[in-house]
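Inside the fold
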Amino acid sequence: MAFRILFLSFVTFLAVWPVIRFELPAVMGPVWASGADERWSVKILLPLLFIGALGCAAWGVPVEPGVLPVFSISDLPSLLVIVLSMLVAVSVASLISPSTAVPFAFLGSVAGLRLVTEGSLDWTLVARTAASWIVAPLLCGLLAAGLVALTVRRPGARPVHLVVSDHRLLLGCTLAAFLLAGAAAWNLGSIVAVFPVSAFGAGPESAAVAVVPALVLFLLVRPEFSAKTWHVADQDLDFTSGPVFAILSAMGLTYLVFSLPVLTRIGLTATPLPAPVLLLAALVGVSLSRRKALVEGEKVLKSALSSVVCPILGLLVCYSLSMILNVSPEDAGRGWNARITPTLIVLGIIVIAAVLALYFRAQRRRDLQKEILLSRDRQIYNAQKTLSALEVKAEMNERDLLNKLEIKRKELVDFAVGVSEQKEYMESVYERLSQVRGLTDPAEKDAATDDLLSSLRERMYFSREMNDFYAQSEILHKDFNMRLKEAFPNLTESERKLAILLRQGFSSKYIATLMNITPKSAEISRYRLRIKLGLKRSDNLVQFIKSI
Amino acid sequence: MKLFELFSTKKAFRFVESVDKLLNNVDTALIIFKDGIRSYLYNDTEGFAENLSTMARLEGEAGALRREIENSLYSRGTLIRYRGDIMRLLERFDHIFTILSNDLIQFEIEAPNVPQELKKEFMKLTELATTAVETTIPGTKAYFTEPDKVSETSHRVYFYEKEAVKLSQSIKRTVFHDMQHLKLSEKFHLRYFALHIEDLSTAAVKVAEQLSVMAIKRSL
């Protein structure tokens with residue numbers, strides 16, 4: 001018995017998972033969006049109502065006999081097959097659209113099992129159920145559209161203050177939230193009723209079988225549930241209270257209508273309905289009424305496709321699994337252990353496959369994260385590299401500018417000093433010329449004139465300007481001079497000057513003039529420099545110097 | 001039980017009253033501001049001091065009202081989609097109060113020397129800036145009752161703000177180009193005050209912009 005309780009708890013656990021993941025956010029999203037649950041009283045009463053209605057449905061208040069089978073405690077393997085098929089169908093359908101239809105997948109799986117156990121299906125019931133699945137979203141959309149039209153203020157009507165109208169809408173939303181919570185729990189409770197919880201009695205044992213797995217699962221998926229619900233409330237329903245009220249009411253009324261047995265009179269049937277599909281239908285209704293697209297067409301189409309895929313896939317998977325596990329009337333007489341063993345083997349295989357799939361998925365995610373991190377690192381590295389290059393460039397520019405500034409400053413100082421020296425020199429020449437004019441002896445006059453001429457020549461060839469030129473060149477090519485000294489320490493001062501002049505692109509003729517030597521001597525100096533630099537005949541001296 | 005408070009509209013009406021009171025306070029503060037500037041320009045010292053104290057009282061009242069509205073917005077589940085916007089709007093009005101009060105205090109502390117020929121211009125600038133703010137009050141009321149009419153008032157606010165900017169520029173041009181007898185410090189001082197009064201119209205434009213966005217949001 002204890003094993004059976006555990007087994008049923010496990011099956012319930014598996015069945016509740018998609019309901020909490022897919023169905024509950026679509027029910028609670030509009031409630032959160034309306035702000036109705038901001039009051040503590042509503043926050044407590046709403047879940048109580050939901051659980052109460054679910055409990056009533058689970059403990060023997062069937063929605064409508066016939067749509068769903070009633071399982072006994074000995075049929076647990078079949079129930080597991082149904083739940084597994086539903087999980088497979090929902091997982092595949094959720095790849096198409098997150099607004100998937102869990103109840104449709106469940107009913108499809110039940111149909112698959114019936115096909116195996118009974119050999120055929122009640123096609124009238126199938127047609128009625130399918131019609132109900134089509135009519136329910138249509139009704140929800142129409143109701144939402146109508147309610148939105150009712151909340152819109154007509155032209156010429158007496159203006160109502162926003163606070164007052166919002167207060168009225170909040171009241172409406174709160175009542176609609178209670179309606180939705182109760183009706184949705186009542187409607188979806190028909191799925192829970194399939195689980196033979198009541199077979200364990202009405203005491204704490206059966207309650208524990210139902211509540212504990214649901215509670216554990218809810219706690220496990222609570223962060224995801226909250227995130228999804230907030231997504232629905234903040235992203236999908238990010239508009240004013242009027243449409244939210246319309247959506248809440250439309251969904252609640254649709255759930256209520258499709259939980260009533262009276263539907264059989266009009267050729268439909270009471271059936272569990274998927275909340276995400278109803279939510280989308282209500283959004284389409286609101287969009288049509290307000291002539292504004294509040295939901296993308298692609299999303300609606302994908303959800304419709306997912307809703308079609310769910311029952312078909314559930315049926316096929318359940319039929320195949322049942323055939324593999326031989327869940328047929330002939331096997332009904334077999335013992336519990338004989339029936340449960342193959343089920344457990346299949347379950348084990350599915351669990352291993354699921355674990356492997358999850359592992360590979362997590363691995364892929366990790367790889368993706370690593371790739372993203374790597375690309376970010378690369379971006380940061382490139383940015384830093386560019387930044388460094390810019391810094392170096394800026395530094396060089398600054399140095400260049402400082403050099404230029406230094407040269408200019410020196411030029412200015414030199415110019416001033418030069419002017420003063422020139423003046424002094426001119427004064428001395430003037431004085432000496434005056435003295436020469438005063439001389440009477442021609443020999444003395446010639447000697448004084450020669451002396452003056454040699455002084456002038458000396459001035460011409462060894463002027464300060466020439467030295468300044470070298471000094472400025474050295475400042476300008478400070479780095480070069482340093483590198484040259486480091487690479488070739490045996491070069492003489494004049495050879496270094498020659499190298500600087502060559503680097504600046506002066507020809508031998510100019511170099512001779514600047515260095516106050518003959519062009520021939522300049523050529524010889526070049527030759528000596530080539531030898532000291534260790535150049536071959538084929539090497540270009542100027543290019544080599546520039547490359548230093 | 002607090003659930004049954006949902007059926008009572010008493011708090012909703014109290015909220016409406018608070019908002020209306022706050023808007024009335026803004027209106028009164030604008031009148032006091034205009035009167036204060038006039039008193040200063042035409043040397044009515046007693047009147048100016050009275051305006052200054054009235055402004056301080058109004059600012060205090062507005063602050064209390066703002067806190068009351070804020071408390072009401074967040075303690076009750078109403079206006080869930082609008083509370084952020086309404087709070088931002090109230091903050092903008094609070095900013096207007098700060099400008100009004102600060103400007104008067106600065107006139108009192110710094111006592112700028114306004115030449116006789118500029119007094120009329122300064123008065124006109126004050127009129128334009130306060131009219132820009134005044135126009136936002138019916139706009140705000142329209143947002144709560146008939147949001148379609150918000151855009152009508154916004155256009156008027158933009159117009160008054162433009163006129164205020166033009167006049168302020170004209171004052172600055174006159175001060176710097178035509179009044180050679182003024183010291184540079186006096187010129188800067190006058191420009192500074194023209195700028196402060198002009199700020200009022202800029203704040204009004206911000207309120208108008210906020211209202212426009214809020215009106216669009218209401219139609220979603």
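Position labels on residues start from 1 in each chain and follow its written sequence. Following the order in which they are written, the chains are lettered starting with A and the ligands numbered starting with 1. Residue-level local features of this predicted model are given only where pLDDT is at least 70; pairs of side-chain atoms are given and counted only at 80 or more, and the full residue set underlies all totals for whole chains, interfaces and linings.

Observations regarding the overall build of chain B
Secondary structure follows DSSP: runs of H or I at least 4 residues long count as helices, runs of E at least 2 residues long count as strands, and numbering of each begins at the N terminus. Counting its regular elements, chain B contains six helices and zero strands. Listed N to C, the secondary structure of chain B is α-α-α-α-α-α in terms of helices and strands. Exposure criterion: with C-beta atoms placed from backbone coordinates, a residue whose C-beta has 20 or more other C-beta atoms within 10 Å is buried, one with 12 or fewer is exposed, and one in between is partly exposed. Every one of the 220 residues in chain B was classed for burial, and the buried ones make up 39%. Distance between backbone-placed C-beta atoms decides contact: two residues are in contact if it is within 7 Å. Long-range pairs, those at least 24 residues apart, make up 79% of the contacts in chain B between residues at least 6 apart in sequence.

So, the confidence of the model for chain B
pLDDT: the predictor's confidence for each residue, scored from 0 to 100. Looking at chain B, the pLDDT average stands at 88 and 96% of residues meet or exceed 70. Within chain B, helix α2 (residues 45-75) of chain B has the poorest average pLDDT of any element, 89, and helix α4 (residues 116-145) of chain B the best, 92.

Quick notes on the interface of chain A and chain B
Of the residues lining the interface, 19 residues belong to chain A; the matching set on chain B comes to 20 residues. Here the side of chain A that touches chain B gets eight residues from one element, more than from any other, and that element is helix α6 (residues 162-192) of chain A. Only Asp, Glu, Lys and Arg are considered charged, only Ala, Val, Leu, Ile, Met, Phe, Trp, Tyr, Cys and Pro nonpolar, and every remaining residue, Gly among them, polar. Among the residues forming the side of chain A that touches chain B, the class breakdown is nine nonpolar, seven polar and three charged.

So, the nonpolar core
Note on soluble globular proteins: their nonpolar side chains tend to be buried together. The nonpolar core criterion groups buried Ala, Val, Leu, Ile, Met, Phe, Trp, Tyr and Cys residues into a set whenever they are joined through C-beta atoms within 7 Å. With 109 residues, the main nonpolar core has A144(A), L180(A), I247(A) and A282(A) as its most contacted residues. Setting aside its immediate chain neighbours within four residues, A144(A) contacts A246(A), I247(A), A250(A), A282(A), G285(A) and V286(A). One finds L65(B), L79(B), Y160(B) and L200(B) within the second-largest nonpolar core, a separate group that totals 63 residues.

Brief notes about the environment of P261(A)
In this fold, P261(A) is placed in the loop between α8 (241-257) and α9 (275-290). Each C-alpha atom, one on P261(A) and one on T271(A), is 9.4 Å from the other, the two residues being ten residues apart in sequence.

Regarding unusual backbone geometry
The phi angle of most residues is negative, glycine excepted, and most peptide bonds adopt the trans form. Even without being glycine, R291(A) reaches a positive phi, approximately 55°. Positionally, R291(A) belongs in the loop between α9 and α10 (297-325). In the Ramachandran plot, A111(B) falls in the positive-phi region, its phi being about 40° despite a non-glycine side chain. Of note, A111(B) is situated in the loop between α3 (83-110) and α4.

A look at α9(A)
All names here are of chain A. Each residue after the first adds 1.5 Å to the expected span of a helix. Between the first and last C-alpha of α9 there are 22 Å, a value that for 16 residues agrees with the 22 Å anticipated at 1.5 Å per step. Counting buried residues in α9 gives 14 out of 16 residues, a clear majority hidden from the surface. Positioned one or two residues after α9, R291 has a phi angle of 55°, which is positive.

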